[in-house]
Structures are given as structure tokens and as C-alpha cells.
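# Commentary on secondary and tertiary structure
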Amino acid sequence: MTFDYAPAPESRSVVDIAPSYGLFIDGEFAPASDGKVFKTVSPSSEEVLSEVAQAGSDDVDRAVKAARKAFEKWSALPGAERAKYLFRIARIIQERSRELAVLESLDNGKPICESRDADLPLVAAHFFYYAGWADKLDHAGYGPNPRPLGVAGQVIPWNFPLLMLAWKIAPALATGNTVVLKPAETTPLSALFFADICRQAGLPKGVVNIITGDGSTGASLVAHPDVNKVAFTGSTEVGKAIARTVAGTDKKVTLELGGKAANIVFDDAPIDQAVEGIVNGIFFNQGHVCCAGSRLLVQESVQDELLDALKRRMATLRVGDPLDKNTDIGAINSAEQLARITALVEAGEAEGAERWAPACELPSAGYWFAPTLFTGVTQAHRIAREEIFGPVLSVLTFRTPEEAVEKANNTPYGLSAGIWTEKGSRMLWMANKLRAGVIWSNTFNKFDPASPFGGYKESGSGREGGRHGLEAYLNV
Amino acid sequence: MSDRLSVLKTYKLYVGGKFPRSESGRVYEVTDAKGNWLANAPLSSRKDARDAVVAARKAFGGWSGATAYNRGQVLYRVAEMLEGRRDQFVSEVADAEGLSKSKAAAQVDAAIDRWVWYAGWSDKVAQIAGSANPVAGPYFNLSAPEPTGVVAVLAPQESSFLGLVSVIAPAVVTGNTAVVVTSEGAPLPALSLAEVLATSDVPGGVVNILSGRTAELAPPLAAHQDVNAIDLAGADAELAKSLETAAADNLKRVLRPGRVDWTADPGTDRLLAFLETKTVWHPMGV
Amino acid sequence: MTLRYARRYAPLVTMPITVPAYGKEAAGRLASMADVTADDGALRRFLHGLPGVDAVGLQARAATLGTRSIKTTAKAYAIDLAISMIDLTTLEGADTPGKVRALCAKGVSPDPTDRTAPKVAAICVYPDMVATAKEALNGSGIHVASVATAFPAGRAALPVKLADTRDAVAAGADEIDMVIDRGAFLSGRYMSVFEEIKKVKEACARPDGSAAHLKVIFETGELQTYDNVRRVSWLAMLAGADFIKTSTGKVAVNATPPVTLLMLEAVRDFHAATGVQVGVKPAGGIRTTKDAIKYLVMVNETLGEPWLTADWFRFGASSLLNDLLMQRQKLSTGRYSGPDYVTVD
């Protein structure tokens, strides 16, 4: 007899998904003007969850106009009143967090333990945090009476759909802007549910508009002449295109883009916790994390022991049904992403790196990838340079702290980095030398609304979270 | 008064702490506001720009790693040196901008004071731009600003010295290094400033100064993959747009041009424009 | 597993034929590590060379394992397993033969209404109650465990502690739960602690050549830091502990999930280095089925199958049993049970 965990499925029935959704513009759901729709599927089963409207440029224009119209009154509201709306939203998110967690796992494929214990608590916390800023902007360090920018066009990715929405909408609304937000094509549902939360909170019409669609919808939102602020989280490639689009305009832009973070383990690291940090760093959310610790840099003198321990730990990861409460790794978000991961992994093998994955039975339907690590990786390998955005870890080695810094910084990205050592002075020396916006020392993938997040170099510009996150939405 | 023939100055570029001629061997004629010949300035080439970026990159580690106290003292030293050569700069600014001696003197005085203003910021900016973040967990969490890296600075065209100082000092005081393209028509105060910088303990390569055609030098700088940021103060709207577009290739931080009154209180905008926020987490536990 | 010991003992890593800590072969394995226990300095260097423990990370891992959802068949399995792992304990000044006999009866037949309920692993008593318990349990297969060595404070001279141990073994104890000298450990006298454990282990021997199994109690609540817990775990295992145990149940902080997880990791690493299998016993403060299952999940995901038996994992508890029984009744009947439907001991 063995201790096999029986299925522990979270109840699907706590969420009621409509067969179709329109665009949420000016407080009303309405179909796209040309009637176009697309399907959103559950990546763990390929089941069609709903049909949503594909916003065209006319719809984008309508949404921006609605936001513009709402801006006058919204920005003139006393900060304390805006704060109360945001507090209401935060509370409703807490109330509905179970429903939203299930929805997020269905649409995105992430394990319910993560949507329940990471995404949703952080979503509510983000609204709470920025709610409190709304009436304190004079004290935020941006001079007296900082003003909102106007209409914010926000485009978010599929990896943390509702959390990225919160990161965008909470500071925008707190500072008095109105928003048009486009969720990712493969994960539109939680944003559409958020529209209902806005309704429940009594948020004035037009303050938040949600338009669904693909990349072309996002491009026309970013390019709309009456958008004052562009906020984007996604790939570096699209980020660059947006930077070109807004060139020569007055639009303020913040970008949260890709990464190829080094997670650096020294020989004096707390090994068991380092292993957890490595696992959390690359396998959290199937590795669909821009700040994922996708490059393990391990000091050669502990390489064998660390890799043994890491493999042993990886063998305990449970891959499967995102709604099972014991699932550690869920589904890859889309067939397209799976193809990209597969291609890069094949390139890793072709370039001579050694691939390893624990024995792992994958479901037959849906999109899946086993947790994988590559050893024998060098800086020149594609899997050491390109963002894989999947559960694939590249292991490199170093001999000295200087070499670790040099290798860690040898990338066009600069979003995050991890350091594992029990020596305080070395930790601070490393933290100082690493060119990345977030340094996790003896921990990894920690997030908090009070903590600024954002990258150096091609990982983007601007910060989200904390006092710093206000700047992106103020005329300062 | 006398028939003595004055000794003219050969103006040179300032790259990596040295005073080279343009590698192209080209110069262009610089005149005063009335069109009288003042000097021949080096007409820098794309290769000069490239060399300046290399010098700036090389200097970045040391300068950004220097203590803030040290950088503040170096900037203050620049003010001291300028004060001693005040008359020279008054006359150069007067010639360059067609100002009366008193108006030029006001510009120079303001420029000297601007170095002093920014010198004092070196060890304070982290205290206004950083934060201790009360995260909901057992973690020490601190955000602090760091310099962005190598900044290409297109100095304002119209304010040859006060405007110039107002864009260089905020970029470098925080630890960035700069490649500066001078005012195209009035480069001489900038080229003379290089002589002050060279004698003010500013490490070679921290500030590099190129004279020439902005429209020729700016595009390679905007497109350069080893430049981290660009200040478009000296670009017109059309050029600025194309430079910002080129800068997107490696996502440079871009400070767009705007109408600036260089005599006004500069505030902290330019100081903060070329900083990255780094946030460090560490568990707290026994 | 870390370099510092794993690589030095690489031959053992590559031939990890598991031997039980109480078996004859274990001594030979420990002898291969004799150099690290050769003298005070060597022992100190070894223990301080163990990898550090990041408290926050350890606690986070224990908390995450605590979110596993154990339902239906898995829960039924876990409940019965947990019952079979209980060292049902009474360690009161007011203990009497009557009380001990009642506890033994409960241990043999935890649920009078359901004879399929497994019996517990052991009855844990003070040395003077060993004979009573032994008699009451005769033929049941349930072990008698006795605390010893001036439990719970451990503040007595070594000869007294050894006499305490011999006395309990002579009275029929199958297992001895000794306490370490926390004062000696905290003041850095590691060799003193090491020698004491060795001597107590010797005192566990019976004339027929067999021996009572030795559980070594650390009183982790008094050792305070996780680094200390890792060090003392290795120290005790090197000295020959058959089980390592968190607590006496007599201080403010008893077994916690992070401390237990850390001890499980130490056991895992010790096994990887020497091939010797050592058991783990959290004790004190584990009162609910939910808590017990969290511990079993930790065992399952840290040490795995070989440790999921009463031979290698125990719960030192008293009130836990009734909660397990009520949950067991709920699973079999579908309705919630109440305290009137389980026996008070």
C-alpha cells in the first residue's frame, strides 16, 4: 500500500461561465461592431470555455471615447472617494476569490493551489495597496498635486491574467486615470469577470473598459491618438514595437517584458531551501513567468550535490489537472506556447546540452510539458540566452563570484536574479553587481504590492508596485 | 592696444579623458551670433561616437561604483574649477549666444551653481528615490536607485553652456557615464568645459564630448546597442521621433525633448530620468 | 545532501544498501564516519560545516506541504497509518497503574465499536510504569516505550541517567526515549552530548544480545534555531540514535512542521551518506487528524515509502488518537462523530 493522493478536485461549479461575452465598454457588454468573435479554450482539456468578442479598431475607438468621457469626472473625484471604490473592488475580489481562482485555472491552465494561494491574494492586496494611495498622492514624493495622465491603454499577458490586470488597473484608477484594458487572447475570462466586479462595486461607467481581442486589438489600442498612457506586459519583441509606436508622441509608456534570470547558488547556500527556490523559480506557473529563474548558475564545487537534490525534488512534482488541489504544475497555456517550448528544448538537445526530466505521465488531452532541466549548458546555447517561458531550466556553472556576476549579467535582459549564500557580505556584493530590477536573495519569485517590480535593459522600463508604481500614471 | 597676434585655440573632442581630433579629420566653422569666425570645431563622425561609447562603457564600472560622496566631491570640484575660469566662459558664452557680458555672466554663474546643486544630490538621491517596502511577509525589502549606464546626451542647441551643464550634471552625478553631443552651432563652451572636466578629478570616459552635426551623430548613438539611455534635449521634433524609434531596438530609456527654461529651478526630473530601481528581498529569520 | 560529507563518503553514496539504525550492520557504517567524531574539534567542525538552514524558506516549504489535500481513499489510508504510528503517551506525575492499564487497553483496541481500527505502535510511560504496561500489553505486539535519562529536563548525573535507562530496559521496555543534555549542546559541548547518547545506547542492550530501540529527544523548542536542529540531528545519528524525536511535550514549543521537516531532511541526508535508516518522531502538540496528515505528507514527499511505517515514523501524542478515530468513523459512516463515541482514557 502506498500513500497515493486521491484526486482532490476543486469544484468547477463555483464558477458560471456564460457561453459568450461581449466587450465591456462604458459600463455595458456589447458585441464587436463587426460581430467578430473568437473562442477561448481550457488548455488542460482543449474544451471551449466561451466565445468572446474580437474588438476591431472601431471598438477600440469606442472604448477610448468612453474612457475619455469618464475621465473628467473620475479625475475630479476627491482621492478619498476613488479610494473607496478601490477598497470595494478589493473586498469583492476577496469575496469572490474562490470563483475567480477556479476561473483562472480553467482559462489559463495554472494549478488551483497557485491561483488560490498566489494570484488571488495578490490581486486583492494590490487593490488594497493602491486604494490607500488615492488620497495621499500629495505625499508620494512627486510634488504637490500630481495629476493623472488621462486615458490609459493597457495590454496584459496570459501568464497571470487577473494579477496583471490588478497591477495595471489599481494604480491607474488610484491616480485618477481611466482605462481601456485588453486581456490576452488566450485568457480573456477573468478580465470579463472583473467587469462584473466593477458593476458590483458601482464604479462609474467608462472608468474601466475591457476589450478582448488578439494582437491587432492591442496594437490599435496602443496606437490610438487619444490614449495618454500605454502600459504593456508581455514579450520584449512586442514591447519594442510599442516603443516604436509611441515614439514622437506625448504618450507615457511603461513596459514589463521578458527575462532570463540567473539563479546563483554558492557552495555555502542553504541547500534544501536553495532547491526549493530553484524549483519555485522555474516551475512556478509552468515557468510562464517573465522573472523566472531560468538559468541556474551553480558553483562548480556543489554542482553534483545540488543537481542530485534538485532531481530528487523534481521527481516529486505533480503534473496534471489544474483543478486538482495537489497539482504542482498545470497545463502549458496554448498550443503555440507548447510549440515554442518544444522547439527551444529541441534546440538545446541539438546544441549538445543534456536533457533530463523525471518520469512523468502527461494527460492525453491539452498542452503539457514535463519539468525539464538541461545540464552542460554554456552561455552560447540558445537555451541559455532566449526566454523559453516554460518549465525548462538551463544549468550553468561558475567558479568565482566575479564569474557568476559576469555570466548573470551577460544577457540583454535584466529583470530579476537570485542569490543563494549564507554569507551576508557576499550577498550584498552580488546584489550590488547584478544588473536586474529585482534581486531575490535566499528566496525567489516573491511578489508584494508594496515592492516595486520591473526590469533593466531589454526587460522593460518603469516600475509596477510600491510608491514607484504611481509614477507611471502621474504627470511627473 | 598692441599689435601682438593672439594665440588661437585648437578645439578638440574629449573622449576617454583624452583630447583627440575627430578620426575623420574633419572640422567645421563656428561663428558668433553675427557670423564672425570664432574657431574650427571638430566635425565628429560615427566612429568618434562609437569610440566615445566604448570610453563611456569602460568608465561606467568605476564611476558607478565610486561612493556617492566621492562623486559629489568631484562635481563640486568642477564648480570650483569653473569659478576660476569664469571669465573665459563668460566670453565664450557671450560670443556663442550673442549675449551681453552681463547676461552671459548670469548664464555662467547659473551653470556653476548648477554643478553645486547636483553635486549635493549625489548622496541624497537614493534617499528620495529609494524606499523600504513593508511587504506582507518575513522579508527585508529595499528599493534603491542605480544608474542606468551609458547615456547619450544631445545637449540643447540654444543654451550652449547652462543648458549643456543642466543635461550633463544630472546624468553623471548618479553614476551614469555620458556621451554628449554639443550644441551644433555653439560647441565651443562645451569643448572648453572638457578642459575643466579633465582637471577636476572627473575620471576619463565619464563625460565624453563630441561636436558636430547632431543629425549625423545622434542616429548611431540612438541605435547603439551598448547605450542604455538617450536624452533628446537637443533634437527637434522630427529627429526626436526617429531617434526614439531607433532607441526602441534595445529599449533605451528616452527622455523626450520639451520646452525647458534652463534658468529655472531644475527640479529632480533629469536626475531621476536615468535611474533604475533595484529591489532586493532577503528573508528575516534565525 | 551536501558536498562536505557526501563527497567525502562517496563510496557509501554509490552503494546505499539500507541498513536499519538498530541493526548490527549500522555500527560498521557509523565506524566509517569515525573521523568526524574522533574528538571535540572534529565533531564541531563537521557539525558547523553542515549547510545552513534558511528559516523562512524552511517554514514556507513546510507550509506548502501542509496545503496538500488528502481526501477519500488517501485519507482513509493516512488515518489508519497515523493510528498505527502513535506512541500513545501518558507522562504525568499522577500516573497510576490503573491509568496506564486503561491506556494500554485503548492502544490495543482504539475503537471498541470498530475492531478494524488498527492498534497503536507503542504505549509511552515513565520507567516505573514499564512493568505495568508490559503486562497489560502482553501478546498484543504493541511496544512499551519508556522515557529515561531524567526526563524531561535531563538534569541529572550520567550514572543516574544510565541507571534510569537500564532500569526501564530491565523492566521490559522495547524502546527508550532519552532526552539530550540541552545545556551541554547549547554551550557547545557536543562531544559530551555525543558520548552520553552512545552510553545510553549501550545501556539499552539486553543480556540476550538484543537491545531496546533508542529514540533521542532534542527538545527542539529549547534549541531554538534550525541550524541547531540540523546539527543535533546529525550528532544523534552519528552517536547511534535509532530514532530522532523533537520534544518531550513538556515545554512551550513542541513539534512543529518545519522542525520535523528539517529532521526528515537530516535523516534523508544521513541515509544518503551512510545507508543507515533512522526514524523520526514528532511529539507534543499534534492533536488533530489534519495535523497528523500534514506530517505524513512531509514524510511521503521527503523520505518516501520506506519511512511510511510505524518502524520509522511515530507520533508522540495522546489526544490525537481520538480525533483520528472520530474522523475514521466519519469516513465509514458519512456522518460526523462526537466525543461521546470515542473512549476517554
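Residues numbered from 1 in each chain as written. Chains lettered and ligands numbered in written order. Predicted model: local features only at pLDDT ≥ 70, side-chain atom pairs only at ≥ 80, totals over all residues. Heavy atoms only, no water.

## Re the overall build of chain B
Scanning chain B from N- to C-terminus turns up ten helices and ten strands. Its C-alpha atoms give chain B a radius of gyration of 19 Å, within 12% of the compact-globule value 19 Å for 286 residues. Each principal axis of the C-alpha distribution contributes one length, and for chain B these read about 85 × 35 × 35 Å. In chain B, of all internal contacts separated by at least 6 residues, the share reaching a separation of at least 24 is 77%. Accessible surface, chain B as shown: approximately 11800 Å² in total, 54% of it carbon and sulfur. (Helix = DSSP H or I, 4+ residues; strand = E, 2+ residues; numbered from the N terminus. Rg over C-alpha atoms; globule rule 2.2 N^0.38 Å. Contact = heavy atoms within 4.5 Å. Areas by Shrake-Rupley, 256 points an atom, 1.4 Å probe, with all protein chains shown as cover.)

## As for the overall build of chain C
From N to C terminus, chain C includes 16 helices and ten strands. Taken over C-alpha atoms, the radius of gyration comes to 19 Å for chain C, in line with the 20 Å a tight globule of 345 residues would show. Projected onto its principal axes, the C-alpha positions of chain C cover 60 × 45 × 35 Å. Relative to its 345 residues, chain C shows a buried fraction of 59%. By sequence separation, contacts in chain C at least 24 residues apart represent 76% of the contacts at least 6 residues apart. (Buried < 20%, exposed > 50% of the residue type's maximum accessible area, 1.4 Å probe, protein only.)

## As for the sheet that holds strand β4 (residues 37-41) of chain A
Residues and elements named next belong to chain A. With mixed pairing, three strands are arranged side by side in an open sheet as β1-β5-β4. Of all the strands in the sheet, the pair left with one neighbour each is β1 (20-21) and β4. Direction of pairing for β1 relative to strand β5 (residues 48-53): parallel, over a ladder of two bridges. Along β5, the bridge assignment pairs Ser 20 with Glu 51. Lying over the sheet, helix α6 (residues 189-201) contacts β1, β4 and β5, oriented at roughly 65 degrees with respect to β5. (Pairing = 2+ DSSP bridges. Axes fitted to C-alpha atoms, helices over the stretch in contact; angles between N-to-C directions.)

## Looking at the confidence of the model for chain C
Residue and element names in this part refer to chain C. With 95% of its residues at a pLDDT of 70 or more, chain C shows a mean pLDDT of 94. Across residues 1-15 the pLDDT falls below 50, and counting only partners more than four positions away or on other chains, this stretch makes 46 contacts in the model. Reported for the predicted complex are a pTM of 0.96 and an ipTM of 0.97. (pLDDT = per-residue confidence, 0-100.)

## Structural notes on the pairing of strand β4 (residues 139-147) of chain B
Residue and element names in this part refer to chain B. Direction of pairing for strand β3 (residues 131-132) relative to β4: antiparallel, over a ladder of two bridges. Among the inter-strand pairings, Ser 131 is bridged to a residue of β4, identified as Ser 143. Linking β3 to β4, which pair antiparallel, is a turn of six residues. As paired strands, β4 and strand β10 (residues 275-283) are joined by nine bridges and run antiparallel to one another.

## Quick word on unusual backbone geometry
Residue and element names in this part refer to chain C. In this structure, Pro 152 follows Phe 151 across a cis peptide bond, with omega equal to 0 degrees. Looking at the element boundaries, Pro 152 is found in the loop between β4 (143-148) and α9 (158-170). Despite not being glycine, Ala 150 shows a phi value in the positive range, around 60 degrees. Relative to the assigned elements, Ala 150 resides in the loop between β4 and α9.

## What about the side chain of Ser 50 of chain A?
Residue and element names in this part refer to chain A. If you trace the backbone, Ser 50 turns up in strand β5. Judged by relative accessible area, Ser 50 falls into the buried class, the value being 2%. From its side chain, Ser 50 meets the backbone oxygen of Pro 19 in a polar contact 3.2 Å long. In contact with Ser 50, not counting residues within four places along its chain, are Ile 17, Ala 18, Pro 19, Ser 20, Tyr 21, Phe 38, Lys 39, Thr 40 and Leu 189. (Polar contact = N/O pair within 3.5 Å; in protein donor to acceptor, adjacent residues only side chain to side chain.)

## Some thoughts on the packing of aromatic side chains
Inspection of every chain in the model, using the stated rule, returns 30 aromatic pairs over all chains. On the numbers, 4.7 Å between centres and 45 degrees between planes, the contact of Trp 440 of chain A with Phe 444 of chain A is tilted. Relative accessible area serves as the criterion here: at 0%, Trp 440 of chain A is assigned to the buried category. A residue is classified by how much of its surface remains accessible, and Phe 444 of chain A, at 1% relative accessible area, is buried. On the numbers, 5.8 Å between centres and 75 degrees between planes, the contact of Tyr 126 of chain C with Phe 151 of chain C is edge-to-face. Within this pair, whereas Tyr 126 of chain C is found in the loop between β3 (122-125) and α8 (130-137), its partner Phe 151 of chain C is found in the loop between β4 and α9, the two being separated by 25 residues in sequence. Here the aromatic cluster, defined as three or more aromatic residues joined through ring pairs, consists of Trp 167, Trp 440, Phe 444, Phe 447 and Phe 453 of chain A. (Phe/Tyr/Trp six-rings, centres within 6.5 Å; stacked < 30°, edge-to-face > 60°.)

## Comments concerning the packing of helix α14 (residues 257-274) of chain C against helix α15 (residues 289-302) of chain C
Residues and elements named next belong to chain C. The geometry of α14 relative to α15 is characterised by a closest axis approach of 10 Å and an angle of 25 degrees between their N-to-C directions. With respect to α15, the element α14 is oriented roughly parallel. For α14 against α15, the interelement crossing comes out right-handed. In contact with Pro 257, Thr 260, Leu 261, Leu 264, Glu 265 and Arg 268 of α14, α15 contributes Tyr 295, Met 298, Val 299 and Thr 302. (Parallel < 35°, antiparallel > 145°, perpendicular 65-115°, else oblique. Left-handed = near helix turned anticlockwise from the far one by under 90°.)

## Thoughts on the UniProt feature "domain: Aldehyde dehydrogenase" (unreviewed entry) in chain B
According to UniProt, the "domain: Aldehyde dehydrogenase" (unreviewed entry) feature falls on residues 23-254 of chain B. Across residues 23-254 of chain B, helical content stands at 51% and strand content at 18%; the span's end C-alpha atoms are separated by 28 Å. (UniProt positions renumbered as here; feature names shortened; annotations may be inferred.)

## Some remarks on the interface of chain B and chain C
Facing six residues of chain B, the contacting portion of chain C comprises four residues. Interface area, chain B with chain C, both sides summed: about 410 Å², of which 70% is carbon and sulfur. Taken together, the links from chain B to chain C amount to zero salt bridges. The interface formed by chain B and chain C contains zero residue pairs in polar contact (both at pLDDT 80 or more). (Buried area = accessible area lost by both parts, 1.4 Å probe. Salt bridge = Lys/Arg side-chain N within 4 Å of Asp/Glu carboxyl O.)

## Side note on the interface of chain A and chain B
Contact with chain A, which involves 43 residues of that partner, is made by 35 residues of chain B. Overall, the association of chain A and chain B removes approximately 2800 Å² of surface from exposure, summing both partners, and the carbon and sulfur fraction of that is 50%. For the chain A face of the interface with chain B, the top three residues by lost area are Arg 244, Arg 435 and Tyr 456 of chain A, together amounting to 17%. Scanning the region where chain A abuts chain B turns up three salt bridges. Where Glu 146 of chain B meets Arg 435 of chain A, a salt bridge forms, and the shortest distance between an N and an O atom there is 3.7 Å. Across the contact surface, chain A and chain B share 26 residue pairs in polar contact (both at pLDDT 80 or more).

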